[in-house]
Amino acid sequence: MVATGEPKPVVGSAYCDVLEGEDPEAALVAAIKAAIAQPDNVWRRLLEPVTGVRTQNEYLAQVRCTLDARAQIQDWRKRAKFWKRAAQDDGRHADTVTPSVSAISQVVDALPRERMERVGEML
């Protein structure tokens, strides 16, 4: 893009910084941040909807979304707890893996001998 001859201040600035030894990604981010500070820059028009000020309605919508997600998590935890107790209370389900991290570690996967050898080589 720099070689095309068109003035690209962001790319040109990042390119110069990379030639001076700066990390390419850091140089590009710094150049974009500098461009956003200029009122008529295309980068500002592009990124302002993402980085700009939020309205009260947008903020409240995000809060509602977060609270709904937390409520769903709590609901699923209650369901898992119910079924775990149901599985443990009834003796015929004693060998059933219940929904918990510790119970999952009790599940043993039988690996083929060839795969076990490869795993052993990697360790």
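Description of the structure in this document. In this text the structure is predicted, and so the values were computed from the model without any measurement.

Some points on the overall build of the protein chain
Part 1: Broken down by element type, the protein chain carries 6 helices and 0 strands.
Part 2: Residues classed as buried in the protein chain amount to 9% of the 123 residues present.
Part 3: Total accessible area on the protein chain is roughly 10900 Å²; 58% of this is exposed by carbon and sulfur atoms.

Observations regarding the pattern of salt bridges
Part 1: Throughout the structure, instances matching the rule amount to 2 salt bridges.
Part 2: A salt bridge links Glu-117 to Arg-113, with the nearest nitrogen and oxygen atoms 2.6 Å apart. You can see Glu-117 and its partner Arg-113 sitting in helix 6 (residues 113-122), 4 residues apart, about one turn around the helix.
Part 3: In this structure Arg-113 comes out as exposed when scored by relative accessible area, which is 67%.

Structural notes on the packing of helix 1 (residues 9-19) against helix 2 (residues 24-36)
Part 1: For the pair helix 1 and helix 2, interaxial distance at closest approach is 8 Å and the crossing angle is 145 degrees. Handedness of the helix 1/helix 2 crossing: right-handed. Listed contacts from helix 2 to Val-10, Ser-13, Ala-14, Asp-17 and Val-18 of helix 1 are Pro-24, Ala-27, Leu-28, Ala-31, Ile-32 and Ala-35.
Part 2: Of the residues belonging to the contact of helix 1 with helix 2, the class tally is 9 nonpolar, 1 polar and 1 charged.

Section: the nonpolar core
Part 1: In terms of nonpolar packing, the biggest core is built from 6 residues, these being Val-10, Ala-14, Ala-27, Ala-31, Ile-32 and Ala-35.
Part 2: Breaking this core down by element, the ones donating at least two residues are helix 1 and helix 2.
Part 3: Here this core takes 4 residues from helix 2, the largest share from any one element.
Part 4: Setting aside residues no more than four positions away along its own chain, Ala-31 makes contact with Val-10, Ser-13 and Ala-14.

Notes on the packing of aromatic side chains
Aromatic ring pairs are defined here through the distance separating the ring centres and the angle between the ring planes.
Part 1: Evaluated as defined, the whole model comprises 1 aromatic pair.
Part 2: Ring centres of Phe-82 and Trp-83 lie 4.9 Å apart, and the angle between their planes is 80 degrees; on these two criteria the pair is classed as edge-to-face. Just as Phe-82 is exposed, Trp-83 falls in that class too.
Part 3: The ring of Trp-76 is capped by Arg-79, whose NZ or CZ atom sits 4.5 Å from the centre of that ring.

Cut-offs applied
Residues numbered from 1 in each chain as written. Predicted model: local features only at pLDDT ≥ 70, side-chain atom pairs only at ≥ 80, totals over all residues. Heavy atoms only, no water. Helix = DSSP H or I, 4+ residues; strand = E, 2+ residues; numbered from the N terminus. Buried < 20%, exposed > 50% of the residue type's maximum accessible area, 1.4 Å probe, protein only. Areas by Shrake-Rupley, 256 points an atom, 1.4 Å probe, with all protein chains shown as cover. Salt bridge = Lys/Arg side-chain N within 4 Å of Asp/Glu carboxyl O. Axes fitted to C-alpha atoms, helices over the stretch in contact; angles between N-to-C directions. Left-handed = near helix turned anticlockwise from the far one by under 90°. Contact = heavy atoms within 4.5 Å. Nonpolar A, V, L, I, M, F, W, Y, C, P; charged D, E, K, R; others polar. Core = buried A, V, L, I, M, F, W, Y, C linked by side-chain atoms within 4.5 Å. Phe/Tyr/Trp six-rings, centres within 6.5 Å; stacked < 30°, edge-to-face > 60°. Lys NZ or Arg CZ within 6 Å of the ring centre and 35° of its normal.

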